[in-house]
There are 2 protein chains.
Amino acid sequence: MSFADLLRVTPGTTPDLEAIDPDGTPGFDGDKDAGHEALKPLRVELADFQERLWAESRESLLIVLQALDAGGKDGVIRKVVSAFNPQGTRVTGYGVPTEEELRHDYLWRIHANAPGHGRIGVFNRSHYEDVLVVRVNELVPESVWRQRYDQINDFEAHLAANGTRIVKFYLHISRDEQRRRFRKRLDNPEKNWKWSSGDLETRSKWDDFQSAYTDALARCSTDVAPWFIVPADRKWYRDLAVAGVLAETARDMNPRWPVIDEDLSAIVIPE
Amino acid sequence: MSFADLLRVTPGTTPDLEAIDPDGTPGFDGDKDAGHEALKPLRVELADFQERLWAESRESLLIVLQALDAGGKDGVIRKVVSAFNPQGTRVTGYGVPTEEELRHDYLWRIHANAPGHGRIGVFNRSHYEDVLVVRVNELVPESVWRQRYDQINDFEAHLAANGTRIVKFYLHISRDEQRRRFRKRLDNPEKNWKWSSGDLETRSKWDDFQSAYTDALARCSTDVAPWFIVPADRKWYRDLAVAGVLAETARDMNPRWPVIDEDLSAIVIPE
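Residues numbered from 1 in each chain as written. Chains lettered and ligands numbered in written order. Predicted model: local features only at pLDDT ≥ 70, side-chain atom pairs only at ≥ 80, totals over all residues. Heavy atoms only, no water.

(A) Representation of the relation of the copies chain A and chain B. Least-squares fitting of chain A to chain B yields an RMSD of 0.0 Å, with the superposition described by an axial translation of 0.0 Å and a rotation of 180°. Here the symmetry operator amounts to a two-fold rotation axis. Interface overlap between copies: 100% of the residues of chain A at the interface are likewise at the interface in chain B, consistent with a symmetric, same-surface contact. (Least-squares fit on C-alpha atoms with pLDDT ≥ 70 in both. Contact = heavy atoms within 4.5 Å.)

This is the structure we're talking about:
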C-alpha cells in the first residue's frame, strides 16, 4: 500500500492521535539503513519531477509542514526538500506575525507566498498556527478561531481550483521523544541557540495542542488538500514517508515536458 | 593559490576576456573525476557555513550569477547552490522586467530581493543585465546606461556596508561551446522547451556582449563586491571553482554559533 493511503487523514473523519504510534513505520518493513537507501531513489524522482513541473509551468505544488517544537520540520526541509532544484523552490517560515501582517487577515501573508506556476512552495508552519497556537494561547476569542476551519478549507479549495496541488504533513512525535530532543538541543553548543523558554511553555500545554491538532486534522483534511500524519520519532522514517507521499503525488500530477511544434532540428546555429 | 585569488578581477583593472581560456582549469590539476570528488567536501563545508550564518543571523551572502545563454547558471544552482539548506536560501531569477518593475528604477526589484540577516540570496541574472542586454540592444540611451556602473557600485557598497557579503560570478564559455550546448538543447526533448529564437539573436551579437561584459567586469569589480571570471566550458570545473570561491568566502566570513549566556544544563524538562 502507498504511504499516501496509509498516512492520509480520510476527509470527514477524526484521527485518534493517541492511537497512532509516533515510533511506527507504516508501509516500511526495513531498518534505518534500509530507510536511508530507500530515500535515495525517491530524491532522484523528486528532482526529476521538479524539472518537469518547472518546464511545463502549468501547476504548482504547496507543501505544508506542521509539528510541535522539535518535531522535525527543519529536518524534512534539509533531507527531503533539498532534493528539489532551489531555483524553483521557495521555503517560507511563518513566525509571530509582524505589525504589518497583523493589520491584515491571517491568510494575507499566506496567499502572498503561494507558489506560482511551475513552482514548489514549502511552508514551515503556516496558516494552521491560526487554529493551533492562536487557539491554545487564546490570542483571539473562540468565536473567531472557530470560523477559521471553513475559511481555510475555502482558501485551499480556491488555490487547488486554480492549479495548486496541496499536501499537508503533521509530523507526529511523542512526549518522550520531544524531551530527548530538547535535552540534546540544550546540551549541544551548535543547537542550543535554537532554544527558547517558550518551548517549555508550549510543552506544558501538550494536551491542548493535541486537541487543537486533532480538530485541524479532522476538519481540514479534504480531497483537494489532504493532511498526512507522519510518525516522526524515527527521523529516517519521517523523511522516507514524506518523500514517499511527495513522490506519489508527483506521479499523480505527472507534469509533461512541453512539446515544441516547430522542427527544431532544422535550426542552424552559426559558427 | 586560492580559486578566489586566481579568478578575481582585480579592482581597477580591465580583464582581457579573449585571453582567458574558457576551457582552462586554473587552480586545479586533476581531471573530471577528481573534480567531482573535490566538490563533495566543499558542498559539506558550504552546508555547515550556511547553518552558522543562519544561526548567527548577523550577515548575509549575495551570490550573483551572470553568463551568456547556455553559460551554466542553472547548472551552478543545481550543483552548487543546492548544498545550502533551502530554508535559508532564496534564488531569484530576473527576466524581462514586468510593467510594474518598469515603473521603478532598475535597482528596485533587485533591492527587494536582497537577502536578510542570516540568509543567502542567489541572483540568476541581475541588475547587470541593465548594463548588458539593455546596452547591447540599445533599450536605453548610452547617457543612461553609462551612469549605471557608478550607481551599481554605490548600491553594492551600501549593501556591503550593511552586512551583505557580495560575490559575483561571470561564467565564461566559448563560442564553440555555446554552439554545442545549443545543439544539444535543440535535439533533446527534455531540454528543447528552453529554446528561444532570441538565443540566436543574442549569439549574433557575441562581440557586443563581450565588450559589454568587459566593461561591467572592469568597472564593477570592487573590494566589497568582486567579480570572478570562471572558465566554464568544463561544467565540472565551473562547479568546483564556484564552490571553491564560495568556500573561501565562507571561511573568511566565518559566522559563529551564538553563545548562550544562560546555563542551559540546569534546565529541567518535565516528563
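(B) Molecular detail of the interface of chain A and chain B. Facing 39 residues of chain A, the contacting portion of chain B comprises 39 residues. A buried area of about 3700 Å², summed over both sides, lies between chain A and chain B, and 58% of it is on carbon and sulfur atoms. Considering only the surface of chain A that becomes buried against chain B, A:Gln87, A:Trp193 and A:Ile269 emerge as the three largest contributors, covering 19% of it. In this structure, B:Glu271 and A:Arg179 form a salt bridge, with 3.4 Å as the shortest nitrogen-oxygen distance. Put simply, chain A and chain B have 14 residue pairs in polar contact (both at pLDDT 80 or more) between them. For the side of chain A that touches chain B, the secondary structure elements donating two or more residues are α2 (32–56), α3 (73–79), β2 (89–93), α8 (175–187) and α9 (197–204) of chain A. (Buried area = accessible area lost by both parts, 1.4 Å probe. Salt bridge = Lys/Arg side-chain N within 4 Å of Asp/Glu carboxyl O. Polar contact = N/O pair within 3.5 Å; in protein donor to acceptor, adjacent residues only side chain to side chain. Helix = DSSP H or I, 4+ residues; strand = E, 2+ residues; numbered from the N terminus.)

(C) Representation of the sheet that holds strand β1 (residues 60–67) of chain B. Residue and element names in this part refer to chain B. Taken in spatial order, the 5 strands line up as β2-β3-β1-β4-β5 in an open sheet, and their pairing is parallel. Of all the strands in the sheet, the pair left with one neighbour each is β2 (89–93) and β5 (227–231). Within this sheet the neighbouring strands show an average axis-to-axis angle of 20°, counted without direction. Summarising the sheet, β1 and strand β4 (residues 164–172) pair through 8 bridges and their orientation is parallel. Looking across to β4, one finds that Leu 61 is bridged to Arg 165. (Pairing = 2+ DSSP bridges. Axes fitted to C-alpha atoms, helices over the stretch in contact; angles between N-to-C directions.)

(D) Quick peek at the sheet that holds β2(A). All names here are of chain A. Reading across the sheet, the 5 strands line up as β2-β3-β1-β4-β5 and stay open at both edges, with parallel pairing between neighbours. Sheet topology places β2 and β5 (227–231) at the edges, where each strand pairs with a single neighbour. The sheet shows a mean angle of 20° between the axes of neighbouring strands, taken without regard to direction. The pairing of strand β1 (residues 60–67) with strand β3 (residues 120–124) spans 5 bridges and is classified as parallel. Within the sheet, the bridge partner assigned to Leu 65 lies in β3 and is Asn 124.

(E) Representation of unusual backbone geometry within the structure. Of note, the phi angle at B:Ser57 is positive, near 55°, even though the residue is not glycine. For B:Ser57, a relative accessible area of 36% corresponds to the partly exposed category. (Buried < 20%, exposed > 50% of the residue type's maximum accessible area, 1.4 Å probe, protein only.)

(F) Spatial organisation of the environment of A:Arg125. Residue and element names in this part refer to chain A. Assignment of secondary structure puts Arg 125 in the loop between β3 and α6 (133–136). The sequence separation of Arg 125 and Glu 201 amounts to 76 residues, and the corresponding C-alpha distance is 18 Å. Arg 125 has contacts with Leu 65, Gln 66, Ala 67, Asp 69, Lys 73, Thr 92 and Tyr 94, leaving out every residue within four places of it along the chain. Among the polar contacts listed, one links the side chain of Arg 125 to the side chain of Asp 69, at a separation of 3.0 Å.

(G) Looking closely at a negative patch on the surface. A cluster of acidic side chains, namely A:Asp16, A:Glu18, A:Glu138, A:Asp207 and A:Asp208, defines a negative patch on the protein surface. Here A:Asp207 shows up in helix α10 (residues 206–219). (Patch = residues over 30% accessible without salt bridge, like charges linked within 9 Å, V, L, I, M, F, W, Y side chains within 5 Å. Areas by Shrake-Rupley, 256 points an atom, 1.4 Å probe, with all protein chains shown as cover. Lys, Arg positive; Asp, Glu negative; His and termini not counted. Charge placed at Lys NZ, Arg CZ, Asp CG, Glu CD.)

(H) Looking closely at the packing of helix α2 (residues 32–56) of chain B against helix α11 (residues 235–253) of chain B. Residue and element names in this part refer to chain B. Two elements in contact, α2 and α11, have axes separated by 9 Å at closest approach and are oriented at 35°. Viewed along their axes, α2 and α11 form a crossing whose handedness is left-handed. Residues Lys 32, Gly 35, His 36, Ala 38, Leu 39, Leu 42, Glu 45, Leu 46, Phe 49 and Leu 53 of α2 pack against Trp 236, Asp 239, Leu 240, Ala 243, Gly 244, Leu 246, Ala 247, Ala 250, Arg 251 and Met 253 of α11. Its residues assigned to classes, the contact of α2 with α11 shows 13 nonpolar, 3 polar and 4 charged. (Left-handed = near helix turned anticlockwise from the far one by under 90°. Nonpolar A, V, L, I, M, F, W, Y, C, P; charged D, E, K, R; others polar.)

(I) Inspection of the pattern of salt bridges at higher detail. All names here are of chain A. Tallying each qualifying case throughout the model produces 51 salt bridges over all chains. Put simply, Asp 74 and Lys 194 hold a salt bridge, and the shortest N to O gap is 3.8 Å. Of this pair, Asp 74 sits in helix α3 while Lys 194 sits in the loop between α8 and α9, placing them 120 residues apart in sequence. If you follow the salt bridges from partner to partner, you end up with Glu 56, Arg 58 and Glu 59 in one network.

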